[in-house]
Amino acid sequence: MIADVDAPALSQSPLLPAHLALGARMVPFAGWNMPVQYAGISAEHLAVRSSCGIFDISHMGEFFVSGPDATAWLDSLLTNRAASLNPGQGQYTLLLNEKGGVIDDLIAYRLDHDQWFLVVNAGRLDEDRTWFSQHATPGVSFTDDSPAWAAMAIQGPLAPQVFHAITDGTASLPPRNGIAKLSLNGTTCIVCRTGYTGEDGFEFFTPAADGPAWFQKAVAAGATPCGLGARDTLRLEMGYPLNGNDLSYDRSPLEAGLGFFVALDKGPFTGRDTLLAQKASGLPSRLTAIRMAPGAPPPRAHYPVFHNDTPVGELSSGGISPSLSAGIAMAYLPPALATPGTQLEIEIRGRKWPAESVKKPFYRKPPSD
Amino acid sequence: MPAPANARFAASHEWILSGTADATVGISDHAQKELGDVVYIELPKVGRKVAAKEAIAVIESVKAASDIYAPVAGTITAINDAVAADSSLVNSDPYGNGWLFTIQPDSPADTDALMPEAAYLASLES
């Protein structure tokens, strides 16, 4: 019942020794050998929601962009308004192709007036680097510095305490979406107050060789080691898109519901003409949040979606939400069907199961005291 | 976690008890560990006649859906309603409360031809 996979040569995370010491189950992901779970996906998921978890994100790419024209150059290639950021601030943004489809979603941080730090997805790293390199221009220096860095995401309501513990109280977390360069143990590290879980937390970038020690220090400070399995269920509960599943070369960020991160009025950028046309004539589809009725099997990517017995699309992501104990999924559907309360059916192994469109996010944090 | 002494194993990771008319079937401790948290189970209908190695049930973990195969040919005589309601029993007690269904083998010799636990565990090493 369990197939063995002949995996091609995989990239190894600098944190591999820490994963093996912690008994991680390793799987191939986007060309990397990465931990999918340690103790169990549900327990890891719930640890992030209630206390704190740590994820290896060393497979993600780290780019540096600098020079007097760096900000204008990024504003010509990315959807969000880079020029609106002050040094120390970051923003979620998208890199589009000429027809307005998504190459990658990323976070761009303004490290200094003329210096930027970009964190991109592993699965699109090579394409991103190629795209940026092909669009090179005098006055802008672009560097892919990914191999030099170990990266970890420390997420959950107790993440600030873990940060305090691992930095021995010598450093402060930047504000939400902020970035700071830290001098720690004689090396330069980068901390960003961002994440992919819907919880407070930070992403921490250290010299690759120092990564395992930092990871273990965070675990000793109370962070539960978490794999890609929990990372996926946490982001899905928030309705955050996963590139390759919920974002694609053929769908615009407007269709993905990411219009908040698209500054159409900032001036020309790659893909803008398509987005303006969609804005004028209406979106061809909308990424819709879908919740299964109780008792259904887990919804999964590529399952067909029906409305009144008519096929209307397929799921782009899906799974059982550990926080809600319910099946949740996303699909690109005709915009009218994205209205919350619309009745749908998901076909699973030949049988149709009831579901409905709901509002994002699937999961909302209970109000704290 | 050790299996009952009369458990016999299929290479596809199901176990079946030998020496009983209605033979209990489940998945191995190794398989439940490999799957991780089980979140959904689909069981066959009672009375269904099944062929050996036929896919007759589905176990879904957080990450994937996996087929469960009939370890021998026979007729399904009962299913475990408790495990259908609480699929985590497969993880917590794979050789006990996490059993899946019982089958009346067409030929008891088919069960005895499967692997004892020691041979099954050795097969995992190779």
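Quick caveat, the model's predicted, so the values are computed rather than measured. (Residues numbered from 1 in each chain as written. Chains lettered and ligands numbered in written order. Predicted model: local features only at pLDDT ≥ 70, side-chain atom pairs only at ≥ 80, totals over all residues. Heavy atoms only, no water.)

Peer 1: Explain the nonpolar core residue by residue, including any values.
Peer 2: If you look at the biggest cluster of nonpolar residues, it comprises 26 residues, and the most contacted ones within it are Met152(A), Ile154(A), Ile166(A), Val191(A), Phe202(A) and Phe204(A). Residue contributions to this core peak at four residues, all from helix 5 (residues 159-166) of chain A. Beyond its immediate sequence surroundings of up to four residues, Val191(A) is in contact with Phe163(A), Leu173(A), Pro174(A), Gly178(A), Ile179(A), Ala180(A), Leu182(A), Phe202(A), Glu203(A) and Phe204(A). Within the second largest apolar cluster, 24 residues are counted, among which are Val38(B), Ile68(B), Leu89(B) and Phe101(B). (Core = buried A, V, L, I, M, F, W, Y, C linked by side-chain atoms within 4.5 Å. Buried < 20%, exposed > 50% of the residue type's maximum accessible area, 1.4 Å probe, protein only. Helix = DSSP H or I, 4+ residues; strand = E, 2+ residues; numbered from the N terminus. Contact = heavy atoms within 4.5 Å.)

Peer 1: Just give me the short version of the packing of aromatic side chains, but keep the residues and values in it.
Peer 2: All names here are of chain A. In total, this model carries 18 aromatic pairs over all chains according to the counting rule given. With centroids separated by 5.6 Å and ring planes inclined at 50°, the aromatic side chains of Trp73 and Phe132 adopt a geometry described as tilted. Taken together, the positions of Trp73 in helix 3 (residues 70-77) and Phe132 in helix 4 (residues 125-134) put the pair 59 residues apart, joining distant regions of the chain. Across the pair, exposure class does not vary: Trp73 and Phe132 are buried alike. Grouped by ring-pair contacts, the aromatic residues Phe64, Tyr109, Phe117, Trp149 and Phe205 constitute a single cluster. The ring of Phe269 carries the charged tip of Lys266 above its face, separated from the ring centre by 5.0 Å. The aromatic ring of Trp353 is capped on one face by Arg351, whose charged end is 4.0 Å from the ring centroid. (Phe/Tyr/Trp six-rings, centres within 6.5 Å; stacked < 30°, edge-to-face > 60°. Lys NZ or Arg CZ within 6 Å of the ring centre and 35° of its normal.)

Peer 1: Can you lay out unusual backbone geometry for me, pointing to particular residues and giving the numbers?
Peer 2: A negative phi angle characterises most non-glycine residues, just as the trans form characterises most peptide bonds. Note the cis peptide between Lys360(A) and Pro361(A), where omega equals -5°. Tracing the sequence through the fold places Pro361(A) in the segment after strand 20 (351-358). Residue Asp309(A) is not a glycine yet carries a positive backbone phi of 70°. Checked against the element boundaries, Asp309(A) lands in the loop between strand 16 (304-307) and strand 17 (310-321). Unlike most non-glycine residues, Lys53(B) shows phi in positive territory, near 70°. Checked against the element boundaries, Lys53(B) lands in the loop between strand 5 (49-50) and strand 6 (55-61).

Peer 1: Got a sec to walk through the interface of chain A and chain B? Specific residues and values, please.
Peer 2: Counting from both sides, the interface comprises 20 residues of chain A and, opposite them, 24 residues of chain B. Together, the buried faces of chain A and chain B total about 1,600 Å²; carbon and sulfur atoms form 54% of this surface. Across the chain A-chain B interface, the total number found is four salt bridges. Our enumeration of links across chain A and chain B arrives at 11 residue pairs in polar contact (both at pLDDT 80 or more). Contributing elements (two or more residues each) for the side of chain A that touches chain B: strand 3 (32-37), helix 2 (41-50) and helix 7 (228-238) of chain A. The class makeup of the residues in the side of chain A that touches chain B is 10 nonpolar, six polar and four charged. (Buried area = accessible area lost by both parts, 1.4 Å probe. Salt bridge = Lys/Arg side-chain N within 4 Å of Asp/Glu carboxyl O. Polar contact = N/O pair within 3.5 Å; in protein donor to acceptor, adjacent residues only side chain to side chain. Nonpolar A, V, L, I, M, F, W, Y, C, P; charged D, E, K, R; others polar.)

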